[in-house]
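Survey of secondary and tertiary structure
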Amino acid sequence: MDKLEDLENFLKNVDEISELVMDLKSPDVEVQLKALERADCYVAASDEPCGTKVNKTTINTNPPLQPPLDLQNERPDNFLKTIARDAEDRRASRSAKAKKATVFKDKGNEAYAQEDYETAVKYYSDGVAELRDMQPLYTNRAQAHIKLGKYKEAISDCEWALKCNERCLKAYLHMGKAYLALKNYKESRKCFKKIVEIQPEMEKMVKEYLTQVDSEEGRESQEMNARREFDKGEGTNARVPQLLEKLSRPGQIPLYYCGGLESLSQVVNDCTARTLFRLNNGFSVISSNDTVRSCLLQKTKDGGSQEMCASALKLWRVVCCGNDENQKMSMTFQLTRQSVVQLMTSENVGVQKECLALLCVYLQTPRGRRLALDNLDVPMLVKNLMACISNPKLQHKAAVDVLETFAAENKFCIQLRDVLRDSVVAPFTTLLRNISESNRHVLASVISVIGCLARDDVIRHNLAHDPECWMAFVLAIRRCTACEFKEVIYPMLGLIINLSAISSPIIRDQAVPLCNSCLSLLRDTDGGVITRATGVLSTVLPQSSQAVQHVVEGGVVPTLRLLLKGTGKFATKYAIKTLAVCTAASLLAQEELVKSDKKLSILRNLLASSYDEIVTGNAALCLAHCLGLEGTGSTLLGTDIVLLLLRHAAGDTKRTAVRQNAAIALGKLCQSEPRHVDKLRELRGFEILHSCTKLPTWTL
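Residues numbered from 1 in each chain as written. Predicted model: local features only at pLDDT ≥ 70, side-chain atom pairs only at ≥ 80, totals over all residues. Heavy atoms only, no water.

Topic: the overall build of the protein
We count it as follows: Labels follow the DSSP assignment, with helices taken as runs of H or I lasting at least four residues and strands as runs of E lasting at least two, numbered in each case from the N terminus. Relative accessibility decides the category of a residue: with a 1.4 Å probe and only protein chains considered, values under 20% of the type maximum give buried, values over 50% give exposed, and everything between is partly exposed. Note that accessible areas follow from Shrake-Rupley with a 1.4 Å probe, and for residues the cover is restricted to the protein chains shown.
Regarding its fold elements, the protein presents 40 helices and zero strands. Within the protein, the fraction of its 700 residues that count as buried is 44%. Summing over all exposed atoms, the protein offers an accessible surface of approximately 35,800 Å²; the carbon and sulfur share of this is 51%.

Things to note about the packing of helix H34 (residues 601–609) against helix H35 (residues 613–626)
Helix packing geometry: the angle between the two helix axes and the distance between the axes. Just so we agree on the cut-off: Lines are fitted to the C-alpha atoms to define the axes, a helix being fitted only along its stretch in contact, and any angle between axes, read from their N-to-C directions, falls within 0 to 180 degrees. Crossing handedness is defined as follows: a turn of the near helix away from the far one that is anticlockwise and smaller than a right angle gives a left-handed crossing, while the clockwise case is right-handed. Contacts are residue-level and defined by heavy atoms, with any inter-residue pair within 4.5 Å sufficient. Ten residues, namely Ala, Val, Leu, Ile, Met, Phe, Trp, Tyr, Cys and Pro, are considered nonpolar, four, namely Asp, Glu, Lys and Arg, are considered charged, and the remaining ones, Gly among them, are considered polar.
Relative orientation of the contacting elements H34 and H35 amounts to 145 degrees, with a least axis distance of 9 Å. Between H34 and H35 the crossing geometry is left-handed. The residues of H35 that touch H34, namely those facing Leu603, Leu606 and Leu607, are Val615, Thr616, Ala619, Ala620, Cys622 and Leu623. By residue class, the composition of the contact of H34 with H35 is eight nonpolar, one polar and no charged.

Thoughts on the packing of aromatic side chains
The criterion, for reference: Aromatic pairing here means that ring centres of Phe, Tyr or Trp (its six-membered ring) are within 6.5 Å. Orientation follows from the plane angle: under 30 degrees is stacked, over 60 is edge-to-face, and everything else is tilted. For a ring to carry a charge above it, either NZ of a lysine or CZ of an arginine must fall within 6 Å of the ring centroid while also lying within 35 degrees of the normal to the ring plane.
Applying the stated rule across the entire model yields 10 aromatic pairs. Between Tyr112 and Tyr117, the ring centres sit 5.1 Å apart and the planes meet at 65 degrees, which makes this aromatic pair edge-to-face. Tyr117 shares its class with Tyr112; the two are buried. The rings of Phe277, Phe283 and Phe333 are connected pair by pair, giving a single aromatic cluster. Stacked on the ring of Tyr123, the Lys or Arg Lys122 has its end atom at 5.4 Å from the ring centre. Over the face of the ring belonging to Trp160 we find Lys163, whose NZ or CZ atom lies 4.5 Å from the ring centre.

Considering the pattern of salt bridges
As a reminder of what qualifies: Any Lys or Arg side-chain nitrogen found within 4 Å of a carboxyl oxygen on Asp or Glu counts as a salt bridge.
Here the structure, examined in full by the defined rule, presents 27 salt bridges. One salt bridge connects Asp214 with Arg189, and the closest N-O pair in it is separated by 2.8 Å. Here the residue Asp214 occupies a position in helix H9 (residues 203–232), and Arg189 occupies one in helix H8 (residues 185–198), the gap between them amounting to 25 residues. For Asp214, a relative accessible area of 42% corresponds to the partly exposed category. The closest approach of N and O atoms between Glu682 and Lys679, which form a salt bridge, is 3.9 Å. Here Lys679 and Glu682 lie together in helix H39 (residues 676–682), a separation of three residues that amounts to about one turn.

What to know about the confidence of the model for the protein
The predicted coordinates of low-pLDDT regions are not to be read in fine detail. To be explicit about the condition: The score called pLDDT rates the predictor's confidence residue by residue, from a low of 0 to a high of 100.
Per-residue confidence for the protein averages 86 on the pLDDT scale, and 86% of its residues sit at or above 70. The secondary structure element of the protein with the lowest average pLDDT is helix H1 (residues 2–24), at 61, and the one with the highest is helix H25 (residues 457–464), at 96. Contacts for the low-pLDDT stretch residues 47–54, under 50 throughout, to residues beyond four places or in other chains number four contacts. Under a pLDDT of 50 for its full length, residues 695–700 has, in the predicted model, 15 contacts with residues more than four places off or in other chains.

Focus: unusual backbone geometry
Even without being glycine, Lys183 reaches a positive phi, approximately 65 degrees. Positionally, Lys183 belongs in the loop between helix H7 (169–181) and H8. On the basis of relative accessible area, Lys183 is assigned to the partly exposed category, the value being 46%. Here the phi dihedral of Glu484 falls at roughly 60 degrees; this positive angle occurs in a residue that is not glycine.

Some remarks on helix H6 (residues 151–164)
Every α-helix winds through 3.6 residues per turn, so residues three or four apart in the chain are directed the same way. Selection criterion: By this rule, a helix spans an expected 1.5 Å times one less than how many residues it contains.
End to end, H6 covers 20 Å across 14 residues, agreeing with the expected 20 Å (1.5 Å per residue, within 8%). Taken together, the buried positions of H6 are occupied by Ala154, Ile155, Asp157, Cys158, Trp160, Ala161 and Leu162.

Section: the environment of Ala407
Structurally, Ala407 is set in helix H21 (residues 396–407). Setting aside its immediate chain neighbours within four residues, Ala407 contacts Phe412, Cys413, Val449, Cys452, Leu453 and Arg455.

Structural notes on the packing of helix H15 (residues 303–320) against helix H18 (residues 349–363)
To be explicit about the condition: Angle categories are assigned with fixed cut-offs, so that under 35 degrees is roughly parallel, over 145 is roughly antiparallel, 65 to 115 is roughly perpendicular, and the rest are oblique.
It is at 9 Å that the axes of H15 and H18 come closest, and there the two elements cross at 15 degrees. By the angle between their axes, H15 is roughly parallel relative to H18. For the pair H15 and H18, the crossing hand works out as left-handed. Residues Gln306, Cys309, Ala310, Leu313, Lys314, Trp316, Arg317 and Cys320 of H15 touch H18, and the partners they reach there are Gly350, Val351, Glu354, Cys355, Ala357, Leu358, Val361 and Tyr362.

In structure tokens form, the structure reads like this:
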């Protein structure tokens, strides 16, 4: 308590001296005199004893020849200099102490990183001894105390940190953890909620901690209720310990253990029974049983062993269903972690079914999914899931559901980045090459899963640069077109649009066969397939001039004109972008477009009616390409083309691409047919064009 009072008095004195120095510097003489009187009182009071037990008295061995003048007889300006000098000395002293304290803090951090928490506490304490109002020393020491299980000491350090900085988030975080460890759930919630009050952006993180508090409180309540019910000796709950005791007996035949596992699965049908299973070391009993263990590790594969294996998985599933604490406990056993991954490809349908069902239990909650991802061998898990999907005899539908749920988790994608080829791409491309009536339905779901994985930038980049993947896409499109597997081709085209947005030499190499397949799909009767095939052309063609020439010679321009006459939003966007790419690289495309639409009414209509930046920007760009043909500008005399282009050139400053392309088209229009200059001058268009020439050039 003496140390606390000393620090508080010290902080108070610093504030008083600072205020005193300001008053002594005041131009008001009366304020100076009052400050001088306060200084006299302060100096006189400084002779009073303090609470410290350290004697800091020093003896001056070189006294001055003349005694110093009494402070009361000094002039105010001299006293002011003395106070200022004293304040400067204090600042220098504090700076030196801060440097020493920082050194101790850094040493403490190094010890903490090496998990030497006792040493870390010592260094942080040495730092506090140097500078008692350095907040990081308290929060860091609190964190080390938590690691050592000294929760009350951690709370005390957090309280000191809050005295230094009342908005210290780390203090509230560590204090909330310490209160949680002490099972003071009310105070723990208060601390975590205080973080959101100070910084609302941390609501998501705090929500996880509050969920943890609720979970711990629920676990404690469950265990108290379970013990209370067990003590009553009523119902079937009393049978849980009895059955576990029987299962722990060694040397019994497999049928004995199999029956015990099935009986236990029927008994643990409520929260109390599942909690009693955990309290009576149920997971340990199962894992330490040599016979059960041998079956789960597939060391024995006879019919009885497979039945016992399925029974053990079923028991784990029933026990973990809706019980977060049991799920957490289950994942602490290596046998569980190993079995749930390896048994997924078991030839026994019952074993595989129970294995996938157990995984589904973990997928039901965010906490369960995190537990699975933190503890399971994710690359092997995905590989086995893909094996299930590839084998029509196995539980492929359930495997797809599991994979699809995991694919929505960022952590899952991160763990797959380095093993994508072996775990995902290889089995996926095998499926694409072997599309059949039996796997067509499941393949559509697998493509959806790959699309979810492709939301991760690294995975998306890897897929875009994988040659096997793109060769498989070409083969799959041909197969689906021939067999009319539209439920496969539709999501596959969407995935290709997503991946081909990345420029890749692999995509360029496959551009001609890929675009050729999409050109065939433009004659499909399904509007959705046509739209997505056009989307693929819009993203792949910019990467290959050879592919552009191929599709133009294949008659893509008339088809694009028909699409642009429609009302589909995405179809229009994809079609005009594809047409702009074609007219930019192919003279034949320009000639076909102008020949079929001399006044370019389709492009003018898009410029007049569309508010989409991509549509209007590409329409203006496409128009500029066509104006390079002789006589095109003349055919546009008498139309509203100048007004339309000028309107876009003078439009929203944020639509830089549209303004730039409209200005380019206007320039080419006037160059192609000088008579358009008169209309441009009439509309005061030269000033607008001048402003647009300062904009950067937009490229597709």
